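An overview of the molecular structure
Chain residues, written in single-letter form:
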Amino acid sequence: MKHLPTGAAMVAGVVGQPIRQSLSPFLHTAWLRHMGLNGVYAPFAPADDHAFERLVLSCRTNGIKGLNITAPFKELALKLADTSTDLARRCGSANLLTFDEDGSVHADSTDGHGLIQAFHLQARECDLTAGAVTLLGAGGASRAVVAALLDKGCRDVRIVNRTVARAEEIVFAFKEGVSAYALSDIDRAFAGSVAVINAASGGPLPLFDALDPSATAMDMTYRPLKTNWLQAAEARGLTTVDGLMMLIEQARPSFAAFYGQAPDADFDVRGLALEFLGETK
């Protein structure tokens, strides 16, 4: 990539494999246009870890402002950074890389922030510190969620995973306040939970009978907006939080880091995104 001349558009992007379905370019471009900023936000799809390393190396010197990182490169992103926030180190991964003028790379994580804000906006009555919070899945996103929940003041985070050893790795990383459960023991994990969060892909749809009707259910997936998980939760009478709200809220601090201004809070980017996705809610 060529060096950007003085006065050129501020360039940032999102990196993942696959990246085709990412809604991040739509969100950031909508904010840029609404705010009249001279900026570009582009998708990058390196084929493997080696190609991702080459991309980051190139971004050190070509004027790129920063990158959002999605699967499967979040852990490697943290390793490639020169500096990182305490939060990113505790997560063991980064979804945000920014590049300084001297070529240094800084890593951060905004996934947990996005989740907490999504609960605040869509489930205001849910007090995440009032009881257990159960998380399905033990992937990279799960660690960011656990860190955010513990920072919020939750002292009973339960991780349910098909492979219990994966969940126990997260327990070991955080030690206090986190416990691991097998998928076959999901009812016990749900008991007493004020919120359940799906961070897993695939697998059987759980029953929500063990949850109190006042509990909140969230699915981090946003395509489709109302997943089978959320439909089942609504049928049980639970409040729901969707993955699109999390995506938007984790993108806000990234946008500010890239372009020097926070997105306009009054701009209805969610409404535009729903229209783009063909959703009505």
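Everything that follows concerns the structure shown earlier in this document.
The following paragraphs examine the structure supplied in this document. (Residues numbered from 1 in each chain as written. Predicted model: local features only at pLDDT ≥ 70, side-chain atom pairs only at ≥ 80, totals over all residues. Heavy atoms only, no water.)

1. Description of the sheet that holds strand β10 (residues 193-198)
So the rule is basically this: A pair of strands is labelled paired if DSSP reports no fewer than 2 bridges between them. In this text, helices come from DSSP runs of H or I with a minimum length of four residues, and strands from runs of E with a minimum of two, each type numbered from the N-terminal end. Between the N-to-C directions of two axes lies an angle of 0 to 180 degrees, each axis being a line fitted to C-alpha atoms and, for a helix, fitted only over the stretch in contact. Between two residues, a contact is recorded if the distance between any of their heavy atoms is within 4.5 Å.
With respect to topology, six strands assemble into an open sheet ordered β9-β8-β7-β10-β11-β12, the strand pairing being parallel. Looking at strand neighbours, the two that pair on one side only are β9 (178-182) and β12 (239-241), the edges of this open sheet. Between one strand and the next, the sheet's axes are offset by a mean angle of 20°, whatever the strand orientation. Along the sheet, helix α9 (residues 228-235) makes contact with β7 (132-136), β10, β11 (216-219) and β12, crossing β11 at roughly 165°.

2. Notes on helix α7 (residues 164-174)
Because an α-helix completes one turn every 3.6 residues, residues spaced three or four positions apart along the sequence face the same direction. Where we set the bar: Residue burial is assigned from relative accessible area. The probe radius is 1.4 Å, only protein chains are included, and a residue is buried under 20% of its type maximum, exposed over 50%, and partly exposed in between. Taken from the helix axis, the directions to the C-beta atoms give the arc we talk about.
Buried within α7 we find A167, I170, V171 and F174. Taken down its axis, α7 places every buried residue within 105° of arc, on the same side. Check the buried side of α7 and you find it contacts α4 (86-91), α6 (140-152), β8 (157-161) and β9.

3. Considering the sheet that holds strand β4 (residues 83-84)
Taken in spatial order, the six strands make up an open sheet running β2-β1-β3-β5-β6-β4, and their pairing is mixed. Both outer strands of the open sheet, β2 (39-44) and β4, are each paired with one neighbouring strand and no more. Note that strand β1 (residues 10-15) and strand β3 (residues 66-69) share four bridges and pair parallel. If you follow V15 over to β3, its bridge partner there is I69. Sitting on the sheet, helix α2 (residues 49-59) touches β1, β2, β3, β5 (96-99) and β6 (105-108), and the angle it makes with β5 is about 35°.

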